[in-house]
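Notes for the structure review
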Amino acid sequence: MKAEHSEIWRLATSMEDHKSEIEHWDLGAGIYISFYLIRSSLQEENNTICELDSLESKNSACKDFFSCLNESLVVWGDRLPVDARVAYSKMGEEICDLLLSDSSEGSTRDDQLSCFDTVFSAPVPGDIRSSHLQNAVALFTCSLLEV
């Protein structure tokens, strides 16, 4: 994402007033608004914007966001510019990292594995996905050793 985050936020929110007139709003500019809201809620412990207070609600919001990203990739297909695909990938990667870092703090193994399951649905490059898979296998192995 070459543009400053504040500029992207400004543009996306200015279009939000006209979202009923914009085809596939939720799969276009709406994605950027969702990204900034989720990112903000994952970065801050006491966030009142999205009210994502539990790991389960954060995981669910991330799952919905990744589903929207993937649906957008399908709907727009080849018409989606390469820069937008890269931006989607970077958004997915950042949300994955924030969710996984949040899940490691005082969560059960099942909750952590559920977060990995969500992360696997993100549109991220193969090397990032492989890294998450290795971490999930390591977590699963640790949980087997504890039994």
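This report concerns the structure included in the present document. (Residues numbered from 1 in each chain as written. Predicted model: local features only at pLDDT ≥ 70, side-chain atom pairs only at ≥ 80, totals over all residues. Heavy atoms only, no water.)

**Section: the overall build of the chain**
What counts, and what does not: By definition, any uninterrupted DSSP run of H or I lasting at least four residues is a helix, any uninterrupted run of E lasting at least two residues is a strand, and each is numbered from the N terminus. The buried label applies to any residue whose accessible area, calculated with a 1.4 Å probe on protein chains only, is under 20% of its type's maximum; exposed applies above 50%, and partly exposed to all values in between. What makes two residues a contact is simply this: any of their non-hydrogen atoms within 4.5 Å. The method behind every accessible area is Shrake-Rupley, applied with a 1.4 Å probe, and residues are considered shielded solely by the protein chains displayed.
Across its full length, the chain holds 6 helices and 0 strands. Secondary structure of the chain in N-to-C order comes out as α-α-α-α-α-α. In the chain, buried positions account for 39% of the 147 residues. Sequence-distant contacts, at least 24 apart, represent 61% of the contacts inside the chain between residues at least 6 apart. Of the roughly 8,700 Å² of accessible surface on the chain, 52% is carried by carbon and sulfur atoms.

**Some points on the packing of helix H3 (residues 55–76) against helix H5 (residues 109–119)**
As a reminder of what qualifies: Angular values range over 0 to 180 degrees, each being the angle between N-to-C directions of two axes fitted as lines to C-alpha atoms, with helices fitted over their stretch in contact. Angular relationships are summarised with four words: roughly parallel below 35 degrees, roughly antiparallel beyond 145, roughly perpendicular across 65 to 115, and oblique for the angles in between. Classification used: nonpolar for Ala, Val, Leu, Ile, Met, Phe, Trp, Tyr, Cys and Pro, charged for Asp, Glu, Lys and Arg, polar for all others including Gly.
The N-to-C vectors of H3 and H5 enclose an angle of 10°; their axes lie 9 Å apart at closest approach. It follows that H3 is roughly parallel to H5 by the angle criterion. Contacts between H3 and H5 involve Leu55, Asn59, Cys62, Lys63 and Phe66 on the former and, on the latter, Asp111, Ser114, Cys115, Thr118 and Val119. Looking at side-chain class alone, the contact of H3 with H5 contains 5 nonpolar, 3 polar and 2 charged residues.

**Remarks on H5**
This is how the line gets drawn: The arc in question is the one spanned by the directions pointing from the helix axis to the C-beta atoms.
Considered for burial, the residues of H5 that qualify are Gln112, Cys115, Phe116, Thr118 and Val119. Mapping the buried residues of H5 onto a view down its axis gives an arc of 160°, with all of them on the same face. The secondary structure elements touched by the buried residues of H5 are H3, helix H4 (82–103) and helix H6 (126–146).

**Quick look at the pattern of salt bridges**
To be explicit about the condition: We define a salt bridge as a side-chain nitrogen of Lys or Arg found within 4 Å of a carboxyl oxygen belonging to Asp or Glu.
With the rule as written, the count across this model stands at 3 salt bridges. Close ionic contact of Arg39 with Glu94 constitutes a salt bridge, the shortest N to O distance being 3.5 Å. With Arg39 in helix H2 (residues 29–43) and Glu94 in helix H4, this residue pair connects regions lying 55 residues apart in the sequence. The exposure class of Glu94 is partly exposed, given its relative accessible area of 24%.

**Thoughts on the state of the cysteines**
Simply put, disulfide is the name for a covalent bond between the sulfur atoms of two cysteines. Test applied: By convention in this document, the label disulfide applies to cysteine sulfur atom pairs within 2.5 Å.
Within this structure, the stated rule accounts for 0 disulfides. Cysteine Cys62 is unpaired, with the sulfur of Cys115 as its nearest cysteine sulfur at 7.7 Å. Residue classification places Cys62 among the buried positions, given a relative accessible area of 1%.

**Overview of the environment of Phe35**
Along the polypeptide, Phe35 turns up in helix H2. Relative accessible area serves as the criterion here: at 0%, Phe35 is assigned to the buried category.

**Some thoughts on the nonpolar core**
Here is the rule: Only buried residues count toward a nonpolar core. Its members are Ala, Val, Leu, Ile, Met, Phe, Trp, Tyr and Cys residues joined through side-chain atoms within 4.5 Å.
The biggest cluster of nonpolar side chains holds 31 residues, and the ones touching the most others in it are Phe65, Phe66, Met91 and Ile95. At the level of elements, H2, H3, H4, H5 and H6 are the ones that each hand at least two residues to this core. Broken down by element, the residue count for this core peaks at 9 residues, all from H4.

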